[in-house]
Amino acid sequence: MDEPQPTAIFPEQVTIGEEYEIIITSINPLYRYRLGDIVRVVRFVNQCPVVEFVRRKGQLLSVKAEKTSEVSMWNAINQCIKQHWTGKRLVDYTCCENALLAQLKGGEKAIIPYYIVFLEFDDGSTLLPDEKQKLDEVLQSLTFPYESFRLKQRIAPMVVHTVRSRTFRDMRRFIVANSMASANQLKIPRVVSKPDHLQYLLDHMIGE
């Protein structure tokens with residue numbers, strides 16, 4: 001999946017338990033599209049594989065080879081909303097690794113790496129410091145590799161920012177205007193990898 005031109009196989013050739021990236025081939029003209037969705041084969045119905053969505057390609061946080069998935073981060077955020085962030089309704093979120101911030105600012109990377117998380121709530125509200133800390137604690141409880149690196153102090157506590165109302169709506173427009181992306185197909189990346197996208201989020205933080 002990580003190769004520029006990976007070998008394509010047919011649905012009946014996949015293996016239960018393995019992960020694959022979905023591609024679609026058009027007939028006229030003959031084009032092959034890599035969708036970027038990673039799925040896992042769970043069983044077969046006759047010769048047709050049944051799959052479950054795992055993650056978007058390239059949407060892993062990994063500063064020490066811990067490989068925190070989009071699903072793990074979403075589960076942590078969702079648990080915080082239900083148990084710790086009373087009355088909060090999430091609009092959208094995204095994350096990045098601190099190395100991208102260092103790249104943007106032209107400085108050196110932090111000695112101990114960490115995650116940066118951006119959250120938007122429907123009322124434009126923010127979180128108290130102890131509420132932000134809960135996200136790091138919950139992610140540790142859900143993800144053993146992350147917990148292990150945090151306990152060893154190989155990964156620093158995550159930094160959580162909240163952004164103003166409509167930030168993610170306007171970010172979609174920003175990405176479309178500055179790329180070849182289609183407005184109909186664009187999904188907000190769960191892991192930001194471009195400095196200009198990170199700068200956009202930093203410019204829309206609340207009270208920081």
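You'll find the structure just up there.
This text gives an overview of the structure that appears in the document. (Residues numbered from 1 in each chain as written. Predicted model: local features only at pLDDT ≥ 70, side-chain atom pairs only at ≥ 80, totals over all residues. Heavy atoms only, no water.)

**Observations regarding the environment of Val71**
Structurally, Val71 can be placed in helix H1 (residues 70-83). For Val71, a relative accessible area of 35% corresponds to the partly exposed category. Residues Val71 and His197, spaced 126 residues apart in sequence, show a C-alpha to C-alpha distance of 22 Å. (Helix = DSSP H or I, 4+ residues; strand = E, 2+ residues; numbered from the N terminus. Buried < 20%, exposed > 50% of the residue type's maximum accessible area, 1.4 Å probe, protein only.)

**Some thoughts on H1**
In this model H1 runs 20 Å from its N-terminal to its C-terminal C-alpha over 14 residues, within 8% of the 20 Å that 1.5 Å per residue would give. Those residues of H1 that sit buried are Glu70, Ser72, Met73, Ala76, Ile77, Cys80 and Ile81. (Expected span 1.5 Å × (residues − 1).)

**Quick notes on the environment of Asp92**
Counting through the fold element by element, Asp92 comes out in strand S4 (residues 90-97). In this structure the C-alpha to C-alpha distance between Asp92 and Phe121, which are 29 residues apart in sequence, comes to 7.4 Å. Ignoring anything within four residues of it in the chain, the contact list for Asp92 reads Phe118, Leu119, Glu120, Phe168, Ile188 and Arg190. At a separation of 2.5 Å, a polar atom in the side chain of Asp92 contacts the side chain of Arg190. (Contact = heavy atoms within 4.5 Å. Polar contact = N/O pair within 3.5 Å; in protein donor to acceptor, adjacent residues only side chain to side chain.)

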